[in-house]
4 protein chains.
Amino acid sequence: MVIIMNSDAKSEEIKAVVERVHSVGLKTHIVEGEKKTIIGVIGDKSIMARLTIDAMSGVDKSVEVSSSYKLVSREFHPMDSIVDVAGVKIGGGNLIVMAGPCAVESREQLFEAADIVKAGGAQFLRGGAYKPRTSPYAFQGLETEGLKYLAEARERTGLKIVTEVTEVQAIETVAKYADMLQIGARNMQNFGLLREVGRSNKPVLLKRGLAATINEWLHAAEYILSEGNQNVVLCERGIRTYEEYTRNTLDLSAVGIINHLSHLPIIVDPSHGTGKWRQVKPMAMAAVAAGADGLMIEVHPNPEKALSDGTQSLCPENYYKTMNSVFKLAEFIKTENL
Amino acid sequence: MVIIMNSDAKSEEIKAVVERVHSVGLKTHIVEGEKKTIIGVIGDKSIMARLTIDAMSGVDKSVEVSSSYKLVSREFHPMDSIVDVAGVKIGGGNLIVMAGPCAVESREQLFEAADIVKAGGAQFLRGGAYKPRTSPYAFQGLETEGLKYLAEARERTGLKIVTEVTEVQAIETVAKYADMLQIGARNMQNFGLLREVGRSNKPVLLKRGLAATINEWLHAAEYILSEGNQNVVLCERGIRTYEEYTRNTLDLSAVGIINHLSHLPIIVDPSHGTGKWRQVKPMAMAAVAAGADGLMIEVHPNPEKALSDGTQSLCPENYYKTMNSVFKLAEFIKTENL
Amino acid sequence: MVIIMNSDAKSEEIKAVVERVHSVGLKTHIVEGEKKTIIGVIGDKSIMARLTIDAMSGVDKSVEVSSSYKLVSREFHPMDSIVDVAGVKIGGGNLIVMAGPCAVESREQLFEAADIVKAGGAQFLRGGAYKPRTSPYAFQGLETEGLKYLAEARERTGLKIVTEVTEVQAIETVAKYADMLQIGARNMQNFGLLREVGRSNKPVLLKRGLAATINEWLHAAEYILSEGNQNVVLCERGIRTYEEYTRNTLDLSAVGIINHLSHLPIIVDPSHGTGKWRQVKPMAMAAVAAGADGLMIEVHPNPEKALSDGTQSLCPENYYKTMNSVFKLAEFIKTENL
Amino acid sequence: MVIIMNSDAKSEEIKAVVERVHSVGLKTHIVEGEKKTIIGVIGDKSIMARLTIDAMSGVDKSVEVSSSYKLVSREFHPMDSIVDVAGVKIGGGNLIVMAGPCAVESREQLFEAADIVKAGGAQFLRGGAYKPRTSPYAFQGLETEGLKYLAEARERTGLKIVTEVTEVQAIETVAKYADMLQIGARNMQNFGLLREVGRSNKPVLLKRGLAATINEWLHAAEYILSEGNQNVVLCERGIRTYEEYTRNTLDLSAVGIINHLSHLPIIVDPSHGTGKWRQVKPMAMAAVAAGADGLMIEVHPNPEKALSDGTQSLCPENYYKTMNSVFKLAEFIKTENL
C-alpha cells in the first residue's frame, strides 16, 4: 500500500501516520517528493486493509500496490527517479552514454579507447576488469590491475567509470575505483550479491538476465532497493530466443514497459543485444526513440583484435557517427516533446 | 551468382550473357536498374563455377551469392526495392502507415475507423475479412461482405486496402477488392499459398511467422519472388518468447538486418508485436528510428468493444498523437540524414 | 457443458434432452459409450446456465467444460479414444510404430525402406510425397508418383500408409492412396486445411506446430473434430527453443498432459524431435515410458545418402535394436501396469 | 589433447610424457583407469601440435579433444564416472533417488517427510535451507537451523543429505552438515561459487541453468573440475520456453546428449521440470527409460500446505506409487540390457 499525504501535510501528521503503521507490525518506506510526501507500506495485506488510514489527518489517499515488488513500483513512487552518479544525472530527460571496450585488456588499449569515448560525447567509460566467461580457460580479466587503469582513465578524461562486480568479496575493491557498480546478466538472480550492493552507497547498473522476465528483473531490483540503496539503473541487453542471426534478441519493448511499471531509469545495450556491430546504430536510434534514458555501447580501437566481443564492437569512425545521430535524435525528441 | 553488366552494356551483350547461362541449363532473373543491368543466375553452383562469364563482352563482374535465397538477397539486387501499391510507394524513404481495426466487424464500425485512419495521415486501411483464429468457435470474419465494406471505405476515403488472404481458393476474390494481399504469421510457411500469391499481380505483405527465423522468413519471400511477383513487403510483428508481459517480443533488430540482407522494404506492427496499446507509440517511434519503411497499427473507434484484439488497439486520440509524433520523427531523420 | 446420462437411460430420455438443448439454440455432440451416453453441448454459456437439465429424467449430471476446446476435451469425452486406421488400432494400450524415410525418393529406396520397416515390427510406413521445404529450391517431393510407390509398398508389405497433405487441393488425391493423412507442423494452424480434412473420412495425424502451445494444438484438433472427423491422433515432434545442440526440443511432458486434458491418442517423433540419430533410441524409450501410444521414426537404407534429414535417420541396424527395446519396454509396462 | 598410454606402460614412461608436456608450458590432468592411464593436456593447441608425443615410449596414441571443455568431456575420459557420496554411488547402473520437500519448513515437517522419503526407497533426502527466491519478501529458508534439522534427519533415517548452497560464504557451513552440495539453476553461471565448490572436497550436484545450453552447462561443470573436484553430478530440471502449461520444459534429450558428450552422471528433476505433480510420474518414468542415473523429486507430507512449490510436490501416496514403478522399470531395463 502507498499512502499519499496532502501537499500541505505537517510533519506531525506524517509522523502520526508512520507510527500508526508501525503499531500494527508493518514497515514503512518514505519518499519525500518536492510537493508531497508518500509513505510506502510493506507487509501483510490483510492487516493493511484494516488500517483505515484515509481518515487520518493530512492524508490525501491510500493506494493499493498490486505487484509483489513495491519500492521499484511506479504505484509506490509515481515520480521518475533520477540517479546521480558522481554528478552525472541518469533519468529525467538527458541522454547518457556509457561506452568503451568489453574488457580492459591493457593500459594502452584502455586509454586509447577512453580518448575515443570522450571525443564521441559519452559521459561514462565502461570496461570489464572481472569478466564472467562461459569457459574457465577464456580470458578472465585483469582484475585489480584493470580497475586501476580505469581510475587512471577517469583522471585523464573526466569520464565516470562503470564496471562489473561478480562476487560479494570484490564489492569493496571495485567500489574503491568505480563510480557505478554493474551487475551482469548472469548475476541478475545472484541474490547475495544483490543484497550486498544494496548495502553499499554506490549507484548500481542492473542488467537484465539472459532469460529473465521483466517481472523477475524488477524483483531483482527490489532486492537492492529493499536493502536501502535507491540508486538503481536498469539495462536491457537482449534476451535469449530461438533466433540465430543475432546473439540475443534485444527486447526494446522493455523500455516502455519499465517506464510504465517503475520509476527507475532504463538504458539499453545494443552491442550485447544484437552481437553485430552493423546493428548497433539502428538499435541505438530505436532505443532513444522508445524513450530510453541512455545507451551502453562497446567501442574498441581495433575491434578485430579485441580479446572478447570484437564482432559487436564499433570502430572509432562508426562510434562517432552513431553518437552524432543519437544525440541529435534525443535533442529533437526532447525539444518537440514527441 | 549475380552478373553485373557495365553501365554502357549493349542489349546484344546482355542477350549473349543470358543465352550463355541458359545453354548450360541454368536459369536467369534480370533486374534492370537505372544505371546497370544485373543478371541473377539460379541453379547448380558447380556449373556456375565453370561459366567464365567475366570474360564476356559488357560484363563488369560476377558475384557469388552466399545465401540459399537469391532473388530477395541484396547481393543479388543491390538497390533498394520500391513497391508500388496502387500509386503509393513503399520503400525509398517515405513513411507508410497502414491502420485500422483488427477485424471488419460492420459497415458502420469500418467507416468510422476509416475516417479516423484517414484523418491521422495513414495511406492504407487495414482490416481482416478472413480471420485465422485459434478456436473454431471464435469470430471468423465477415468474409466477402467484409471485403465489400473495405472497397466502399476506399471509395469514401481514398485509402488503399490491405487485407489478409488465408486460402488459395480465396485469392481471386480478395484480389478483386484489395490493393495488397496480406499473408499472416500463421501462413508464413504455407508454401502453396505463397506460390499462388507469387503468381498473382497484386503486391504482397508478408508477415513474419510466430517463431520464424529471419532466414526462414527471407526464404518464404523467395517462394513468392521465384514465381514472378517481385512486389513483396515484409512485416515484423513480434516473435514468440518466454516473456509473459507482452503478447509477443517485437524483434526490432529485424529492421536493420533485413535492410542489410535484402532489398525488400520492411514495415513493423507494434500492435501485435506488443499486445498492449500503451506500448504501441514507443515501439512505433523505435521502429521509425531503426529505419523501418512503415508501420501497421490497430485503431478502433471503441477498443473496449472490439470483437478481437481490443487490448492492443489505439483509441482515436492516442492514434492521432502517435501519428503526429512518428511523421515528425521520420521527417527529421530523413532531413538530417541520421 | 457435458450431460452424462444414467447408465440405464432410455433412448426417449436421451432424445428429450437433445431436443431441449436444441430448443434454446444450442448444438449437441453425442458420444455413445459402452455404459453411458454423454451429450456435449456447444454454444453460449449463459444460455446453458439456464437449462436446468439435471432435473430431466434419465440425466445423471451435467458438467461444465472449463476449456474453450470441447470435443477434444477429456471432460467432454472421459473415455480414451481409439482410432482405427484400416484395422490397426491406435490408443488403448498397444504400441504403434510408424517408420520410414523422410521423403519418398525413388521406388527402389522406398521398397528397401519398407522391407526394413516391416522387419522391425512397425505397423505403418511413413514417407513424404509432398515435402514442405524452407527453400523453394530444395527437393519438393515426388508428389503423385510418390503416392503410388507408397500404395505399392503397402501391397508388398501390408504396412498401413501415413503421408503428409499440405494443400486442400491435394486431399482427395492423397486420401486415395494413404490410410492416414498427416498434417505437418508448419500447417498446424492452416485452418482451411484442418477444416477440410475434418470433412474427409480418413484418420488424421496432427503434428504439433513448431512453436505451438499445447492449448493451440488442442484447438487445432478441435477444428478437425468440429467438422465431424473424430479420428485424430496427435504427434509431439519437438518445439523451437534457444538450445542449439538439438534441432528441436522434444517436449515429452506433452504426453502426460495430453493424456490428462484430452481423450485423443498421442504418439511421439524423436527423429524430428532431436534431429540426431543417436538420440532417437533414448527418446523413443522415454516416450514409451511416459505413456505414448506410438512412435514415428525415420529410417533410411543409407542415411548418409538421404535427400533430406539424413542426420536424424536410423540405419537398419539401429532401427532393429531400437524396435526390439521399445516393444519389450511397452510390453513390460503394460503387463506390470506401471 | 588426450594422451592414452599403453596398458602396460611403466610409471617412468608416464612420468616422462608428463615432463615433456610440462616442459613446453602446458598443463596435465591424469586419469588412472583400471587398465590404462590417460593424460589430459590443457593449453595452447598450436603448441600441442608440435609435441610429437606419439613417438614416445609407452604411448598408445594421442587424441585431439574437439570441444572447448576438456575434463568433463568423454573424449578426455572415455569411461563413465561414478560419484561416491558418503558410500552411495551415483552412475554406473543403479537408480538413485533424491526426494524431499522444496524447503525445510520445520523440524516436524522435515522428519515426517524424511520418513516418507525413506519408506519409498530413496537414498537421499533433499530440502532447501537457503532458498533463492524471486522476491525479497518471500520465505528465504531456515538457513543454519534448517541444516541442523537435515543432519538430524540423516541420523534418524540413514538418508544422505543434498542441499543447496547459494553463496561462497556459506559453503563451509553447508559442507559441515550436508553430504552433497547443490548448485541451483540460478547460480549455474555464478563462476566464483563454482570455483569455490571446486576447491571443496564435497560432491556437487550441478543443476542446469534456467535457459542454459548444454554447452554452457558442461562448461560450468568444467569450472568445478578444473579446480580439482571431480565429483560432479549434473541435474536436468527443465528449461525456459514459450509453453505456459508447464513451469518449465523438461529437456529429457539432455540425458542422452550428456551421456554422449560427457562421462559425468546425470539425474533428472521432473518436479521443477514440469511444475505439476500429475506430470511427475510420467516424466520420472521417461527419465529412467532415457538412461538417467537418478531422479530428484519433491515430496511433501501435505502439498497443499507447502510454503513453496506445493503444486509440484507429490503427496505420500503418489510418491510411493511412483517409486514402485521407477525402481521396477530401472531393474527391467538393466536386466534386459535395453
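As the structure is a computational prediction, the values presented were derived from the model and not from experiment.

**Q** For this particular structure, what's the right way to read the overall build of chain A?
**A** Looking only at helices and strands, chain A features 11 helices and 14 strands. Over its C-alpha trace chain A gives a radius of gyration of 21 Å, about what one expects of a compact globule, namely 20 Å for 338 residues. If one aligns the C-alpha atoms of chain A with their principal axes, the spans along those axes are about 65 × 45 × 45 Å. Going through the 338 residues of chain A one by one, you find that 65% of them count as buried. For chain A, the share of sequence-separated contacts (at least 6 apart) that also reach a separation of at least 24 residues comes to 68%. The averaged location of the 41 negative side-chain charges in chain A is 1 Å from the averaged location of its 38 positive side-chain charges.

**Q** Where do I start with the domain arrangement of chain A in this structure?
**A** Quite often, the size of an interface is put as the accessible area lost when its parts meet. Domain assignment breaks chain A into domain 1 (2-63) and domain 2 (83-336). Using only C-alpha atoms to locate each centre, domain 1 of chain A and domain 2 of chain A end up separated by 37 Å.

**Q** Please clarify how the interface of chain C and chain B should be interpreted in this entry.
**A** Each partner contributes residues to the interface: chain C has 31 residues there, and chain B has 31 residues. In total, about 2500 Å² of surface goes out of reach between chain C and chain B, with carbon and sulfur atoms giving 51% of it. Considering only the surface of chain C that becomes buried against chain B, C:Thr134, C:Tyr137 and C:Arg240 emerge as the three largest contributors, covering 23% of it. Inspection of the region where chain C meets chain B yields two salt bridges.

**Q** Is there a simple way to think about the interface of chain C and chain D in this case?
**A** The interface is formed by 39 residues belonging to chain C together with 39 residues belonging to chain D. When the buried area of chain C at its contact with chain D is split by residue, C:Tyr242, C:Tyr245 and C:Leu338 rank highest and sum to 19% of it. Between chain C and chain D we count four salt bridges in total. Linking chain C with chain D are 14 residue pairs in polar contact (both at pLDDT 80 or more).

**Q** Honestly, the pattern of salt bridges in this entry has me stumped. Any pointers?
**A** A side chain with one charge can pair with a side chain of the opposite charge if their charged atoms come near. Counted under the stated rule, the structure contains 64 salt bridges over all chains. A salt bridge links A:Arg126 to A:Glu298, with the shortest nitrogen-to-oxygen separation between them at 3.9 Å. Placement of the pair is A:Arg126 in strand β8 (residues 124-126) and A:Glu298 in strand β14 (residues 294-298), with a sequence separation of 172 residues. Comparing A:Arg126 with A:Glu298, the two get one shared label, buried. When the shortest N-O distance is used, the salt bridge between A:Lys328 and B:Glu336 registers 3.6 Å. Of this pair, A:Lys328 sits in helix α11 (residues 316-336) while B:Glu336 sits in helix α11 (residues 316-336), placing the two residues on different chains.

**Q** What is the right way to look at the state of the cysteines in this model?
**A** Here is the idea: a disulfide is a covalent bond, and it sits between the sulfur atoms of two cysteines. On inspection of all chains with the given rule, the structure shows zero disulfides over all chains. Between A:Cys235, a cysteine without a disulfide, and A:Cys102, which holds the nearest cysteine sulfur, the sulfur-to-sulfur distance is 13 Å.

**Q** What is the right way to look at the environment of A:Ala175 in this model?
**A** All names here are of chain A. Checked against the element boundaries, alanine 175 lands in helix α5 (residues 171-177). Taking the relative accessible area as the measure of exposure, alanine 175 reaches 17% and is therefore buried. When the C-alpha atoms of alanine 175 and valine 162 are compared, they prove to be 9.9 Å apart, with 13 residues separating the residues in sequence.

**Q** Explain the sheet that holds strand β11 (residues 204-207) of chain D here, please?
**A** Strands in a sheet are paired, the pairing made by backbone hydrogen bonds, and the direction either parallel or antiparallel. Residues and elements named next belong to chain D. Judged by pairing direction, the barrel is parallel, and its eight strands sit side by side in the order β7-β8-β9-β10-β11-β12-β13-β14 before closing back on the first. Adjacent strand axes in the sheet meet at a mean angle of 25 degrees when their direction is disregarded. Here three bridges tie strand β8 (residues 124-126) to strand β9 (residues 160-164), and the two strands are oriented parallel to one another. Its bridge partner lying in β9, arginine 126 is registered against valine 162. Set on the sheet, helix α10 (residues 280-290) makes contact with β13 (266-268) and β14 (294-298); between it and β14 the angle comes to about 165 degrees.

**Q** Can you walk me through the packing of aromatic side chains in this structure?
**A** Given two aromatic rings, one states the distance between the centres and the angle between the planes to describe the pair. Taken as a whole and assessed by the stated rule, the structure comprises 10 aromatic pairs over all chains. Ring centres of C:Phe191 and C:Tyr223 lie 4.5 Å apart, and the angle between their planes is 25 degrees; this geometry places the pair in the stacked category. With a gap of 32 residues between them, C:Phe191 in helix α6 (residues 191-199) and C:Tyr223 in helix α7 (residues 214-225) connect regions that are remote in the sequence. Comparing C:Phe191 with C:Tyr223 shows no difference in burial state: the two are buried. Taking the centre distance of 3.8 Å and the plane angle of 5 degrees together, the rings of C:Phe332 and D:Phe332 count as stacked. Taken as a pair, C:Phe332 in helix α11 (residues 316-336) and D:Phe332 in helix α11 (residues 316-336) lie in two separate chains rather than in one. Of the residues examined, C:Phe332 reaches a relative accessible area of 14% and is grouped as buried. Just above the ring of B:Tyr245 sits the side chain of B:Lys276; from NZ or CZ to the centre is 4.6 Å.

**Q** Honestly, unusual backbone geometry in this entry has me stumped. Any pointers?
**A** Negative phi is the rule for most residues except glycine; trans is the rule for most peptide bonds. Look at B:Asn337: it is not a glycine, yet its phi comes out positive at around 55 degrees. Residue position: B:Asn337 is located in the segment after α11.

**Q** Honestly, the pairing of strand β9 (residues 160-164) of chain A in this entry has me stumped. Any pointers?
**A** The side chains of a regular strand alternate between both faces of the sheet. Residues and elements named next belong to chain A. Among the five residues in β9, five count as buried, and that is most of the element. Of the two faces of β9, the one carrying Lys160, Val162 and Glu164 and the one carrying Ile161 and Thr163 are both buried. For the crossover from β8 across helix α4 (residues 144-157) to β9, the handedness is right-handed. Where β9 meets strand β10 (residues 180-183), three bridges bridge the pair, whose relative direction is parallel. Counterpart to valine 162 in the pairing with β10 is methionine 180.

**Q** I'm lost on the packing of α10(D) against α11(D) in this one. Help?
**A** For any two helices packed against each other, the geometry is given by the interaxial angle and the distance between the axes. Residue and element names in this part refer to chain D. As a packed pair, α10 and α11 sit with axes 9 Å apart at the nearest point and diverge in direction by 15 degrees. Regarding the angle of α10 to α11, the classification is roughly parallel. As α10 packs across α11, the resulting crossing turns out to be right-handed. Note on element contacts: α11 touches α10 through Thr322, Ser325, Val326, Leu329, Ala330 and Ile333, opposite Lys281, Ala284, Met285, Val288 and Ala289. Tallied by class, the residues present in the contact of α10 with α11 amount to eight nonpolar, two polar and one charged.

What counts as what
All residue numbers refer to positions counted from 1 along the written sequence of the respective chain. Whichever chain is written first is A, and whichever ligand is written first is 1; the rest continue in order. It should be noted that, the model being predicted, local features are given only for residues of pLDDT at least 70 and side-chain atom pairs only at 80 or more, the latter also being counted only at that level, while totals for whole chains, interfaces and linings use all residues. Where side-chain values are given, they derive from all heavy atoms of the structure, hydrogens and water being excluded. In DSSP terms, a helix is any run of H or I states spanning at least four residues, a strand is any run of E spanning at least two, and both are numbered starting from the N terminus. In this treatment the radius of gyration is a C-alpha quantity, and the globule benchmark scales as 2.2 Å times the residue count to the 0.38 power. Only protein chains enter the area calculation, which uses a 1.4 Å probe; residues under 20% of their type maximum are buried, those over 50% are exposed, and those in between are partly exposed. Working rule for contacts: check all heavy atoms of both residues, and any pair within 4.5 Å makes them a contact. The positive count covers Lys and Arg only, the negative count covers Asp and Glu only, and His and the chain ends enter neither. To locate a charge, the coordinates of NZ of Lys, CZ of Arg, CG of Asp or CD of Glu are taken. Domain borders in the structure are assigned automatically or taken from a domain database. Buried surface area refers to the total accessible area, computed with a probe of radius 1.4 Å, that the two partners give up upon joining, counted for both partners together. By salt bridge we mean one thing: a side-chain nitrogen of Lys or Arg within 4 Å of a carboxyl oxygen of Asp or Glu. Two N or O atoms form a polar contact when they lie within 3.5 Å of each other; inside protein one atom must be a possible hydrogen donor and the other a possible acceptor, and for residues adjacent in sequence the pair counts only when both atoms belong to side chains. Pairs of cysteine sulfur atoms within 2.5 Å are identified as disulfides in what follows. The pairing criterion for strands is at least two bridges between them, as found by DSSP. Helix axes use the C-alpha atoms of the stretch in contact, all axes being lines fitted to C-alpha atoms, and the angles between their N-to-C directions lie in the range 0 to 180 degrees. Think of it this way: a Phe, Tyr or Trp ring, Trp meaning its six-membered ring, pairs with another when their centres are within 6.5 Å, and the plane angle makes it stacked under 30 degrees, edge-to-face over 60, tilted otherwise. Both a distance and an angle decide whether a charge sits over a ring: NZ of Lys or CZ of Arg must be within 6 Å of the ring centre and within 35 degrees of the ring normal. Orient the strands so they point away from the viewer; a crossover is then right-handed if the path from the first strand over the helix to the second runs clockwise. Orientation is classified from the angle alone, with under 35 degrees giving roughly parallel, over 145 giving roughly antiparallel, 65 to 115 giving roughly perpendicular, and any other angle giving oblique. Note on convention: near helix rotated counterclockwise from far helix by under a right angle means a left-handed crossing. Clockwise means right-handed. Following the grouping adopted for this structure description, the nonpolar residues are Ala, Val, Leu, Ile, Met, Phe, Trp, Tyr, Cys and Pro, the charged ones are Asp, Glu, Lys and Arg, and the polar ones are all others, Gly among them.

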